[in-house]
Amino acid sequence: MTSIPVAIIGVGNCASSLVQGLSYYSNGGSNDEQGLMHWDLAGYRPKDIQVVAAWDVDARKVGKDVSEAIFAKPNCTAIFCDHVGPTGAKVSMGRILDGVSDHMNTYHEDRRFVLADMPQATKASVVEELKRSGAQVMTNYLPVGSQEATEFYADAAITAGVAFVNNIPVFIASNPVWAERFRAAGVPILGDDIKAQLGATIVHRTLTDLFAKRGVTLDRTYQLNTGGNTDFLNMTNKDRLASKKESKTEAVQSVAHSRLDDDNIHVGPSDYVAWQNDNKVCFLRMEGRMFGGVPLNLELRLSVEDSPNSAGVAIDMIRCAKVALDRGEGGPILVPSSYFCKHPPVQTTDDEAFTALEAFIAGTSKH
């Protein structure tokens, strides 16, 4: 099998966990398969993914090798692999657009982005770098609410013929206009908004589906999340949250026996707690009625390191994007998107999506 050259947009905590993970799993031995949904995916292993290009706008990261930039402030995720070797890919200055919220400037620079005073990327320069580096897959880790910036890079990916993995809740794969652009260009796109390996959304979805399958009526529910990374700080600007709340809420609503009224469901980031750093805490409550209309309620507290929780899923998404390229598929790659993302073009239950994903990987079904 050939390698999978990958370009990264945004060298933040999630990118740090991804790149650390690529080194961690390249060592083999006791690391094999631990914490991964697929060790071998259609012949590709984690070690086959190679970072060849990256963009960021933080002065502490631009110009550095990706292996060094992933440990620069304001990144605060767990360091589980401190021996990441040089990638040979230096972080290029990106395009700011709406990628940085002004309200973050009131916080200490260790907690926020420090913009580099350098000429910003143009579409032509991004396309040129994608072609020069040989990138085949571009993965998007921009901050929540970066609609214009995401569209900028998605447009460059189409022009360069590079598959696009949209990890954030900006709707590209699930937007019919953008979906058609990727389809017409014959370029694969996976998205939107990555589900963590075992995070708040997948747990909430699983329990909601369990209620439905066991004949329990779900009357009302909430999911409140706190964290201390730049993602949570960014989302204290409520104007940037519309697509995030829609994505997370729809992920739960789509598996409920019947849709809840808006007043009876609340899903989304709740507060920024600086000392939590990359630790995310979810408080989940579900109220319902079982046999005879007798009430029940369920409460759950989930604490996870946020960025490593999505890295293994990202490794699978990147490999699925490469498989789609190998097979000549373009446009939204529906099956992996439904399994790996909160707001895919087509919502299915996780059981159905898992079965379909295994068939996609085996090559016994279309995307």
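For the structure given in this document, a descriptive report is provided here. Remember, it's a predicted structure, so these values are computed and weren't measured experimentally.

1. A word on the packing of aromatic side chains
Turning to step 1, where the next piece is worked out: Enumeration over the complete set of coordinates arrives at ten aromatic pairs.
Turning to step 2, where the next piece is worked out: Ring geometry for phenylalanine 152 versus tyrosine 153: centroids 5.0 Å apart, planes at 80 degrees, classification edge-to-face.
Turning to step 3, where the next piece is worked out: Under the relative-accessibility criterion, phenylalanine 152 is labelled buried at 14%.
Turning to step 4, where the next piece is worked out: On the basis of relative accessible area, tyrosine 153 is assigned to the buried category, the value being 2%.
Turning to step 5, where the next piece is worked out: Arranged with centres 6.2 Å apart and planes meeting at 35 degrees, the rings of phenylalanine 164 and phenylalanine 182 form a pair that is tilted. Separated by 18 residues along the polypeptide, phenylalanine 164 in strand 5 (residues 163-166) and phenylalanine 182 in helix 5 (residues 176-185) bring together distant segments of the chain. Each member of the pair, phenylalanine 164 as well as phenylalanine 182, is classed as buried.
Turning to step 6, where the next piece is worked out: Over the aromatic face of phenylalanine 360 sits the side chain of arginine 327, whose NZ or CZ is 5.0 Å from the ring centroid.

2. A short note on helix 4 (residues 147-160)
Turning to step 1, where the next piece is worked out: For helix 4, built from 14 residues, the straight-helix expectation of 20 Å at 1.5 Å per residue is met to within 8% by its first-to-last C-alpha distance of 20 Å.
Turning to step 2, where the next piece is worked out: Here helix 4 lies mainly inside the structure; ten of its 14 residues are buried.
Turning to step 3, where the next piece is worked out: Buried within helix 4 are the following residues: Ala149, Thr150, Phe152, Tyr153, Ala154, Asp155, Ala156, Ala157, Ile158 and Ala160.
Turning to step 4, where the next piece is worked out: Where helix 4 terminates, the next one or two residues include glycine 161, which has phi positive at roughly 75 degrees.

3. Things to note about empty space enclosed by the protein
Empty space among the atoms becomes apparent when a probe as large as a water molecule is rolled across them.
Turning to step 1, where the next piece is worked out: Following the criterion strictly, the structure yields two cavities of 30 Å³ or more and no others.
Turning to step 2, where the next piece is worked out: In this structure, the largest cavity spans a volume of roughly 740 Å³.
Turning to step 3, where the next piece is worked out: Contributing to the lining of the largest cavity are 48 residues, with Cys14, Tyr141, Leu142, Ile168 and Asp231 lying nearest its centre.
Turning to step 4, where the next piece is worked out: Elements with a contribution of two residues or more to the lining of the largest cavity: helix 1 (13-26), strand 2 (49-56), helix 6 (200-213), helix 7 (230-234), helix 8 (242-253) and helix 9 (308-326).
Turning to step 5, where the next piece is worked out: Considering each element in turn, the lining of the largest cavity owes the most residues, four residues, to helix 7.
Turning to step 6, where the next piece is worked out: In terms of residue class, the lining of the largest cavity is made up of 22 nonpolar, 15 polar and eleven charged.

4. Thoughts on the side chain of aspartate 278
Turning to step 1, where the next piece is worked out: Among the secondary structure elements, aspartate 278 is positioned in the loop between strand 8 (265-272) and strand 9 (279-289).
Turning to step 2, where the next piece is worked out: Although aspartate 278 is buried, it forms no salt bridge, and the closest oppositely charged side chain is arginine 111 at an N-O distance of 9.4 Å.
Turning to step 3, where the next piece is worked out: Here the side chain of aspartate 278 touches serine 307 through a polar contact of 3.0 Å, landing on its backbone nitrogen.
Turning to step 4, where the next piece is worked out: Setting aside chain neighbours within four positions, we find aspartate 278 in contact with Asn13, Cys76, Thr77, Asn229, Val304, Glu305, Asp306, Ser307 and Pro308.

5. Things to note about unusual backbone geometry
Turning to step 1, where the next piece is worked out: Look at the link from lysine 73 to proline 74: it is a cis peptide, with omega at 5 degrees.
Turning to step 2, where the next piece is worked out: If you trace the backbone, proline 74 turns up in the loop between helix 2 (66-69) and strand 3 (91-93).
Turning to step 3, where the next piece is worked out: Cis geometry marks the peptide bond from glycine 191 to aspartate 192; its omega dihedral reads 5 degrees.
Turning to step 4, where the next piece is worked out: Within the fold, aspartate 192 resides in the loop between strand 6 (188-190) and helix 6.
Turning to step 5, where the next piece is worked out: Positioned with a positive phi, asparagine 277 is a non-glycine residue whose angle comes to about 50 degrees.

Cut-offs used in this document
Residues numbered from 1 in each chain as written. Predicted model: local features only at pLDDT ≥ 70, side-chain atom pairs only at ≥ 80, totals over all residues. Heavy atoms only, no water. Phe/Tyr/Trp six-rings, centres within 6.5 Å; stacked < 30°, edge-to-face > 60°. Buried < 20%, exposed > 50% of the residue type's maximum accessible area, 1.4 Å probe, protein only. Helix = DSSP H or I, 4+ residues; strand = E, 2+ residues; numbered from the N terminus. Lys NZ or Arg CZ within 6 Å of the ring centre and 35° of its normal. Expected span 1.5 Å × (residues − 1). 1 Å grid on protein atoms, 1.4 Å probe; cavity = no way out; pocket = protein on both sides within 12 Å on 5 of 7 lines; lining within 4 Å. Points joined across faces, edges and corners; volume = space filled by probe spheres on them. Nonpolar A, V, L, I, M, F, W, Y, C, P; charged D, E, K, R; others polar. Lys, Arg positive; Asp, Glu negative; His and termini not counted. Salt bridge = Lys/Arg side-chain N within 4 Å of Asp/Glu carboxyl O. Polar contact = N/O pair within 3.5 Å; in protein donor to acceptor, adjacent residues only side chain to side chain. Contact = heavy atoms within 4.5 Å.

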